[in-house]
Amino acid sequence: MKTHHSRLLILILCCLFFFSLGTTVASFGPLLPELSALNQVDLTRMGQIFTFYFLGSLISQIFSGPLSDRFGEKPLLLVSSLLLGASVAALPFSHNFALTLLLFSLTGLGGGAIVLTTNVLVARIYAHRSVSALNLLNLFFGVGAFLSPAMVGLIARQTGNGRQILWVVGGLLALQFVLFALLRIPPAQKVAVPSNAVGMGFLLRNRLIWLMALLLMLYVGVENGLGGWITVYMERTVNLPYEQAALSASAFWLALTAGRLVTVGLGMRLSAVRILSL
C-alpha cells in the first residue's frame, strides 16, 4: 500500500512538471509582441527565441540519458526543474536581447531534461501500465498548453503585462521542486543486457527508425511553429484584439490535446500503423 501511494505521488508530480512545461512553451507565442517591445527588436528577430529554446532542449536530451543512468532520475529532475524555474522567472526582467536568448536556451535545457527524465521515470515506475501513465503525462502537457495563451491574454488585459504568467510558472516549479525533493524514488533495477542485444549500428541502418524520426521532426516543427506564431498571425491578418488572438492559440492546443484523447480510444480498436496512417 505504501509503495502504491509513493508511485501515485511520483506520477502526480511528474504530471505537474508536464503541466508547467506545457504552460511555459505555449506562452511564448502570445508573449512574442511583448517580449519584442521589451527587448527593442522586431518580431522577426524575436522569433529566434524558438530556435534557442529547442537548441537547449536538443543539447539536454543528448546528455540527459547518460546522466540519468549514472546519477538517477531524481537528481536530474531536481536540477532541471530548478534551472527551468529560475530561467523562466528571470525572462520578464531581461531587456537585453542576447541575455534573453541565453535564458531561452537555459529554459530549453531544463525543459528538455524534464521531458526525457519524467517519461523514463514514469515508464519505469508504472512498467505494467506504462502506456496509460505516459498518455496521462502528455495529457497534462496539453492542459497546461491549452490554458496558457488564454491566461496570458487575461493577465495582459487586467494588468497590461502578460509576462507575469512566467512568474506564476516559476513559483509553481519552485513548489514542485520542494515536493519532489521530499519524495523517495525507488532505485532502478539492474537489468542484464543480453549478448545478442541490438546495437546502435543496426538501429542507424533501420529505415523505419529514420522514417519515424523524419515524421516526428516534421510534426514537432509544425506544432511549435503554428503554436508559436498563430497569435501574431491572427492579430495581424484578421485584426483580432490581442486577447482574442491569444485564444486562437488555446484553441489549437485544445484540438491537439483532444486528438491525443481520441487516439487513446482508437488504440483499443485499431492498430498503431492504421492510426498513424489516418
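Look up a bit, the structure's there.
We now turn to the structure provided with this report.

Reading the values: the criteria
- Residues numbered from 1 in each chain as written.
- Predicted model: local features only at pLDDT ≥ 70, side-chain atom pairs only at ≥ 80, totals over all residues.
- Heavy atoms only, no water.
- Helix = DSSP H or I, 4+ residues; strand = E, 2+ residues; numbered from the N terminus.
- Buried < 20%, exposed > 50% of the residue type's maximum accessible area, 1.4 Å probe, protein only.
- Contact = heavy atoms within 4.5 Å.
- Areas by Shrake-Rupley, 256 points an atom, 1.4 Å probe, with all protein chains shown as cover.
- Lys, Arg positive; Asp, Glu negative; His and termini not counted.
- Charge placed at Lys NZ, Arg CZ, Asp CG, Glu CD.
- Polar contact = N/O pair within 3.5 Å; in protein donor to acceptor, adjacent residues only side chain to side chain.
- Phe/Tyr/Trp six-rings, centres within 6.5 Å; stacked < 30°, edge-to-face > 60°.
- Expected span 1.5 Å × (residues − 1).
- Bend = angle between axes of the 7 residues up to and from the residue.

## A word on the overall build of the protein
Along the protein, the regular secondary structure elements total 11 helices and 0 strands. For the protein, the α and β elements follow one another from N to C terminus as α-α-α-α-α-α-α-α-α-α-α. Along the first, second and third principal axes, the C-alpha atoms of the protein reach 60 × 45 × 35 Å. With 278 residues in all, the protein has 40% of them scored as buried. Residue pairs at least 24 apart in sequence account for 78% of intrachain contacts in the protein once pairs closer than 6 positions are excluded. Surface exposure of the protein reaches about 15,200 Å², of which carbon and sulfur atoms provide 70%. Positive and negative side-chain charges of the protein, numbering 17 and 7 respectively, have mean locations separated by a distance of 17 Å.

## Some words on the side chain of Ser94
The residue Ser94 is located in the loop between helix H4 (73-90) and helix H5 (97-125) in this model. Residue class for Ser94 comes out buried when judged on its relative accessible area of 2%. For Ser94, the side chain forms a polar contact with the side chain of Thr100, separated by 2.7 Å. Each residue touching Ser94, except ones within four places of it in the same chain, is listed here: Leu38, Asn39, Leu99, Thr100 and Leu103.

## Details of the packing of aromatic side chains
By convention here, two paired aromatic rings are described through the distance between centres and the angle between planes. On inspection of all chains with the given rule, the structure shows 9 aromatic pairs. Here the aromatic rings of Phe50 and Trp229 are separated by 6.1 Å at their centres, their planes lie at 55 degrees, and the arrangement is tilted. On the criterion of sequence distance, the pair formed by Phe50 in helix H3 (residues 48-71) and Trp229 in helix H9 (residues 207-237) is long-range, its members being 179 residues apart. Residue Phe50 is classed as buried on the basis of its relative accessible area of 13%. Ring geometry for Phe141 against Trp253: centres 6.3 Å apart, planes inclined by 70 degrees, an arrangement best described as edge-to-face.

## Notes on H3
Helix length check: H3, at 24 residues, gives a terminal C-alpha distance of 33 Å against a target of 34 Å (1.5 Å per residue), a fit within 8%. Within H3, the axis deviates most sharply at Ser64, by approximately 35 degrees, and proline Pro66 lies no more than four positions further along. Taken together, the buried positions of H3 are Ile49, Phe50, Tyr53, Gly56, Ser57, Ser60, Ser64 and Ser68. At the C-terminal side of H3, Gly72 shows a positive phi close to 95 degrees.

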